Amino acid sequence: MSERSRDGFGSRLGFILVSAGCAIGIGNVWKFPYVAGQNGGSVFVLFYLLFLIIMGVPVMTMELAVGRKSRLTLVNGYKSLEKKGTKWHLHGWVSMIGNYLLMMYYTTVAGWMFDYFYKFATGEFEHLENGSAKATFDGLMADPIEMGIFTIITVLIGFLVLSFGVQNGLERVNKFMMLGLLLLIAVLAVHSVMLPGAKEGLSFFLLPDFGKAKAIGIHKVLAAAMNQAFFTLSIGMGSIEVFGSYMSKDRALSGEAMRISALDTVVAILSGIIIFPACFSFGVEPEQGPSLIFVTLPELFINMPLGRIWGTLFFVFMSFASFSTVTAVFENLIVCLVDNFKITRTASIVINCIFMLFASLPCVLGFNKWSGITFIGGKNILDFEDFLVSNLILPIGALVILLFCVTGLGWGFDNYLEEVNTGEGTKMPRWIKNYLRFVLPVLILIIIINGLV
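Residues numbered from 1 in each chain as written. Predicted model: local features only at pLDDT ≥ 70, side-chain atom pairs only at ≥ 80, totals over all residues. Heavy atoms only, no water.

**As for the overall build of the protein**
Helix and strand content of the protein: 20 helices and 0 strands. Rg of the C-alpha trace for the protein: 21 Å, near the compact-globule value of 22 Å for 453 residues, within the 12% margin. A principal-axis box enclosing the C-alpha atoms of the protein has dimensions of 65 × 50 × 45 Å. Classification of the 453 residues of the protein by burial places 60% in the buried group. The long-range fraction of contacts in the protein, counting pairs at least 24 apart against all pairs at least 6 apart in sequence, stands at 82%. For the protein, the exposed surface amounts to about 17500 Å²; the carbon and sulfur share of it is 68%. (Helix = DSSP H or I, 4+ residues; strand = E, 2+ residues; numbered from the N terminus. Rg over C-alpha atoms; globule rule 2.2 N^0.38 Å. Buried < 20%, exposed > 50% of the residue type's maximum accessible area, 1.4 Å probe, protein only. Contact = heavy atoms within 4.5 Å. Areas by Shrake-Rupley, 256 points an atom, 1.4 Å probe, with all protein chains shown as cover.)

Okay, structure coming up:
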């Protein structure tokens, strides 16, 4: 197949940082620490790293391979590589729906980060009494105007950035945000380990304690680590595939996938190094759930010397982490419409922006005006949208992409291996074929089943 003309990144660093920015998000700095806390800390981290290598990296190479070979987004990428008469491309449409669903609630949570950055930067938290952080978060949830404003700001800025193109918009802004994120997280981590009592927090997070894991249940820790390692890379619905379509043929894909995964892991680990020493230093239980970021940590910053500065820096970091994912997935939505409906990039930006402004409102209203609307298991709108994406679309999509790349019914292992090994760098060994065909599908099925029970 001849190479198609395609916009691309200006540098390899830009590709790695933008792709890592798509993977690095709220899941790393919000979900990872509290899931680690609930599952015994260090043993969970060990299993997480193992599953990241044996599950996450291989599937990421498959998304990148389909994108780079086809030079198209997922629907037409499948069409260009699938055998005549097969319907693998139908998964591309499901993936598009998944990306829209993800942004329908992710923009709201990203708006919370911007809101808290604004509150700390303007000194609003300085005037709060001890124990009032929960009331502040509850007040945000109850106010559709405040939440809606920050959600709208997130959507508008995201599409504004992308209106400047791949290199001048997406790549330039994400380079700045990712480098800034890495600097901020290093500063915050150094500050955290210098707190009194930090040693206990670091031990909890980094020194394996199998006795604690056994008390929780090794099988539960394994399942949680497998889920987190798989979902942290945002693979399964073409979010990474689009960046493969912008890649050159200079580098083999295994090494690039490992670098992206390594950046993603560094941010997750450093987030734990920020949070757990602070928890132990101020006597906070690390097993707390999602409230850890929006209730517990603000409470810590309120009582910490120079807390306004540290709180502001922390939520700048959180805002960068969430916004890098927003712009990366928005780019996917934009180029999907361009590829599938043959419209201009400008038209796609306008259509997507208008749609997302309205599509994000149900999640905002689901915490207040529409709080009575619930779904299976009593889930509110955000939880239900997240359930569809995280428990169904992502893992099932990853299984489809895997089978497409390694079976004769799809693109086929030989074609996939040739593409993934094109260029300099780490090569995918041929002996891995049976693992990819027979073992990895079972591991992904375990994730799917675990997410549904």
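**Description of the environment of Leu 101**
For Leu 101, the position within the fold is in helix α5 (residues 90–121). Residue classification places Leu 101 among the buried positions, given a relative accessible area of 14%. Measuring from C-alpha to C-alpha, the distance between Leu 101 and Ile 393 comes to 9.9 Å, with 292 residues separating the pair along the chain. In this structure, Leu 101 is in contact with Glu 385, Leu 388, Val 389 and Ile 393, ignoring residues within four places of it in sequence.

**Details of the packing of helix α4 (residues 74–81) against α5**
Between α4 and α5, whose axes approach to 7 Å, the crossing angle comes to 165°. Accordingly, the angle class assigned to the pair α4 and α5 is roughly antiparallel. Crossing handedness for the pair α4 and α5: right-handed. Contact residues: Leu 74, Val 75 and Tyr 78 in α4; His 91, Gly 92, Trp 93, Ser 95 and Met 96 in α5. Its residues assigned to classes, the contact of α4 with α5 shows 5 nonpolar, 3 polar and no charged. (Axes fitted to C-alpha atoms, helices over the stretch in contact; angles between N-to-C directions. Parallel < 35°, antiparallel > 145°, perpendicular 65-115°, else oblique. Left-handed = near helix turned anticlockwise from the far one by under 90°. Nonpolar A, V, L, I, M, F, W, Y, C, P; charged D, E, K, R; others polar.)

**Considering unusual backbone geometry**
Non-glycine residue Arg 71 carries a positive phi angle of around 60°. Within the element layout of this structure, Arg 71 appears in the loop between α3 (42–70) and α4. For Leu 306, which is not glycine, the phi torsion reads 60° and is therefore positive. Position of Leu 306 among the secondary structure elements: in the loop between α14 (291–302) and α15 (307–341). Residue Leu 306 is classed as exposed on the basis of its relative accessible area of 58%.

**Details of the nonpolar core**
Among the nonpolar cores identified, the biggest contains 158 residues, and Phe 44, Phe 243, Phe 314, Phe 317, Tyr 416 and Ile 444 are the most heavily contacted of them. Apart from the residues lying within four places of it in its own chain, the contact partners of Phe 44 are Phe 32, Val 35, Ala 36, Asn 39, Val 221, Ala 224, Ala 225 and Gln 228. (Core = buried A, V, L, I, M, F, W, Y, C linked by side-chain atoms within 4.5 Å.)

**A short note on the state of the cysteines**
Enumeration over the complete set of coordinates arrives at 0 disulfides. With no disulfide of its own, Cys 405 lies 17 Å from the sulfur of Cys 336, the closest cysteine sulfur. Residue class for Cys 405 comes out buried when judged on its relative accessible area of 0%. (Disulfide = S-S within 2.5 Å.)

**Focus on the pattern of salt bridges**
Here the structure, examined in full by the defined rule, presents 10 salt bridges. Residues Glu 146 and Lys 119 are paired through a salt bridge, measuring 2.4 Å at the closest nitrogen-oxygen approach. One end of the pair, Glu 146, is in helix α7 (residues 144–162); the other, Lys 119, is in helix α5, and 27 residues separate them in sequence. Note that Arg 430 and Asp 414 form a salt bridge whose closest N and O atoms lie 3.0 Å from each other. Of this pair, Arg 430 sits in the loop between α19 (413–420) and α20 (433–452) while Asp 414 is found in helix α19, placing the two residues 16 residues apart along the sequence. When salt bridges that share partners are traced, they join Arg 68, Lys 249 and Glu 419 into one network. (Salt bridge = Lys/Arg side-chain N within 4 Å of Asp/Glu carboxyl O.)

**Regarding the confidence of the model for the protein**
Chain-level pLDDT for the protein is 88 on average; 96% of the residues reach the 70-or-more range. When the criterion is pLDDT under 50, residues 1–5 qualifies, and its contacts beyond four places in sequence or with other chains add up to 10 contacts. (pLDDT = per-residue confidence, 0-100.)

**Side note on the side chain of Arg 71**
We classify Arg 71 as buried; its relative accessible area is 9%. A polar contact of 2.3 Å, which involves the side chain of Arg 71, links it to the backbone oxygen of Met 247. (Polar contact = N/O pair within 3.5 Å; in protein donor to acceptor, adjacent residues only side chain to side chain.)

**A word on a nonpolar patch on the surface**
Judged by side-chain polarity, Ile 145, Ile 149, Ile 153 and Ile 157 come together as a nonpolar surface patch covering roughly 340 Å² of accessible area. Within the secondary structure, Ile 149 is located in helix α7. We classify Ile 149 as partly exposed; its relative accessible area is 43%. (Patch = residues over 30% accessible without salt bridge, like charges linked within 9 Å, V, L, I, M, F, W, Y side chains within 5 Å.)

**A few points about the packing of aromatic side chains**
Tallying each qualifying case throughout the model produces 33 aromatic pairs. Between Tyr 116 and Phe 315, the ring centres sit 5.2 Å apart and the planes meet at 50°, which makes this aromatic pair tilted. Here the residue Tyr 116 occupies a position in helix α5, and Phe 315 occupies one in helix α15, the gap between them amounting to 199 residues. Comparing Tyr 116 with Phe 315 shows no difference in burial state: the two are buried. Ring-pair connections join several aromatic residues into one group, and the members of that group are Trp 112, Tyr 116, Phe 120, Phe 125, Phe 137, Phe 294, Phe 301, Phe 314, Phe 315, Phe 317 and Phe 367. (Phe/Tyr/Trp six-rings, centres within 6.5 Å; stacked < 30°, edge-to-face > 60°.)

**Some details on the environment of Phe 51**
Within the secondary structure layout, Phe 51 lies in helix α3. C-alpha separation for the pair Phe 51 and Thr 107, spaced 56 residues apart in sequence, amounts to 28 Å. Setting aside its immediate chain neighbours within four residues, Phe 51 contacts Gly 56, Leu 222, Ala 225, Met 226 and Ala 229.

**Remarks on α15**
The end-to-end C-alpha distance of α15, which contains 35 residues, comes to 50 Å, matching closely the 51 Å that a straight helix rising 1.5 Å per residue would cover. Directly after α15, the chain includes Lys 342, whose backbone phi takes a positive value near 55°. (Expected span 1.5 Å × (residues − 1).)

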